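Coordinate analysis (summary)
Chain residues, written in single-letter form:
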Amino acid sequence: MRKAERARKTNETDIKLSINIDGEGKADIQTDVPFMTHMLDLFTKHGQFDVSVEAKGDVEIDDHHTTEDIGICLGQALLEALGDKKGIKRYGSSLVPMDEALAQVAVDLSNRPHLEFRAELPSRKVGTFDTELVHEFLWKLALEARMNLHVIVHYGTNTHHMIEAIFKALGRALDEATMIDPRVKGIPSTKGML
C-alpha cells in the first residue's frame, strides 16, 4: 500500500495528516478552517484517496498558516507515499464543471515543482476564507510533492463553485497520475529517473 503520514508542529499550527493513495475516497478531515475542510473532503472523494487531517492553527489571526501548512504536509506525504514512482502514469488531467464554473487541472509528477495558476476569482472571500489562500495551498502542495501543477479556471461567476471545481479536478488529475499502469516498466521517463 502506498501510504504516508506527516506531522508538523510550529508556534502557529499543529497538523497531523495521512494519505493512502490506493484508497476508496474516505475522508476524516478536521480543521479549524471550515472552507478548507470542505475542499479537502472533495479532493479526497474525487481522488479516491483515503485522507486523514487533524489541523489546528492561529485562526484568530487568519487562516493563512493553517492552510499553508496543510498544503506542506499533504505534499510531503504524497511524495513519500509515491516512493520510487516506478510504474505510475506520471501525468494526469481533469476538466470539471461545477454549475456555471469550469476548472481544468493538469499534473506531472516530475520532481520539478512548479505552479501555474490561471484563475480570476471574483470574490476575495468565501465566508471567512480568504480566496488568495487557494493559490498559497496549491503552491505549497506542488512544491513539497515536487510536482508540476497547472490550474486553469476557464470561466465562472460564483467563487465557491470555481474553487470547488479546482479541488475536484485536482483530486481526479492526481488519481490518474498516481495510477500504476502495468505497461509502464520502471520509471516513466527517458532520463531513467524523476
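Scroll up a little and you will see the structure.
As a starting point, this report considers the structure included with it. (Residues numbered from 1 in each chain as written. Predicted model: local features only at pLDDT ≥ 70, side-chain atom pairs only at ≥ 80, totals over all residues. Heavy atoms only, no water.)

Each helix and strand in the protein was counted, giving four helices and 10 strands. When the helices and strands of the protein are read in sequence order from the N terminus, they spell out β-β-β-α-β-α-β-β-β-β-β-α-β-α. Taking 16 Å as the expected radius of gyration for a compact globule of 194 residues, we find that the protein reaches 16 Å, a close match to that expectation. If one aligns the C-alpha atoms of the protein with their principal axes, the spans along those axes are about 50 × 40 × 30 Å. Within the protein, the proportion of its 194 residues that are buried is 52%. Pairs at least 24 apart in sequence give 76% of the contacts found in the protein among residues at least 6 apart. Working note: accessible area of the protein is about 9300 Å², and carbon and sulfur atoms make up 48% of it. (Helix = DSSP H or I, 4+ residues; strand = E, 2+ residues; numbered from the N terminus. Rg over C-alpha atoms; globule rule 2.2 N^0.38 Å. Buried < 20%, exposed > 50% of the residue type's maximum accessible area, 1.4 Å probe, protein only. Contact = heavy atoms within 4.5 Å. Areas by Shrake-Rupley, 256 points an atom, 1.4 Å probe, with all protein chains shown as cover.)

Looking now at the nonpolar core. By size, the foremost hydrophobic cluster in this structure holds 58 residues, and its most contacted members are F137, L138, M147, L149, F167 and L174. For this core, the leading source of residues is helix α4 (residues 159-178), giving 10 residues. If near-sequence neighbours (up to four positions away) are discounted, F137 is found in contact with M36, L40, T67, I70, G71, L74 and F167. (Core = buried A, V, L, I, M, F, W, Y, C linked by side-chain atoms within 4.5 Å.)

What follows covers the packing of helix α2 (residues 64-82) against helix α3 (residues 133-145). At a closest axis distance of 7 Å, the pairing of α2 and α3 adopts a crossing angle of 25°. Viewed along their axes, α2 and α3 adopt a mutual orientation that is roughly parallel. Read as a crossing pair, α2 and α3 show a hand that is right-handed. Residues H64, T67, E68, I70, G71, I72, L74, G75, Q76, L78 and L79 of α2 pack against L133, E136, F137, K140, L141, E144 and A145 of α3. (Axes fitted to C-alpha atoms, helices over the stretch in contact; angles between N-to-C directions. Parallel < 35°, antiparallel > 145°, perpendicular 65-115°, else oblique. Left-handed = near helix turned anticlockwise from the far one by under 90°.)

Of the two faces of strand β5 (residues 91-98), only the one carrying G92, S94, V96 and M98 is buried; Y91, S93, L95 and P97 on the other face are not. Here β5 runs beside strand β6 (residues 101-108); their pairing, made up of eight bridges, is antiparallel. Bridge assignment links Y91 to a residue of β6, and that residue is D108. (Pairing = 2+ DSSP bridges.)

Before going further, it helps to examine the environment of V107. Take V107: it is sitting in strand β6. What V107 contacts, discounting residues up to four positions off in sequence, is R90, Y91, G92, M147, N148, L149, A173, L174 and A177.

So, on to the sheet that holds strand β4 (residues 50-57). Taken together, the four strands give an open sheet; going across it, the order is β1-β2-β4-β3, and neighbouring strands pair in mixed fashion. For this open sheet the edge positions go to β1 (3-9) and β3 (27-31), each flanked by a neighbour on one side alone. This sheet shows a mean twist of 5° between the axes of neighbouring strands, independent of strand direction. Relative to strand β2 (residues 13-20), β1 is paired through seven bridges, and the arrangement is antiparallel. Directly across from R6, in β2, lies its bridge partner L17. Along the sheet, helix α1 (residues 34-47) contacts β3 and β4; its crossing angle with β3, the most-contacted strand, is approximately 165°. Of the strands in this sheet, β1, β2, β3 and β4 are in contact with α2, which crosses β2 at around 35°.

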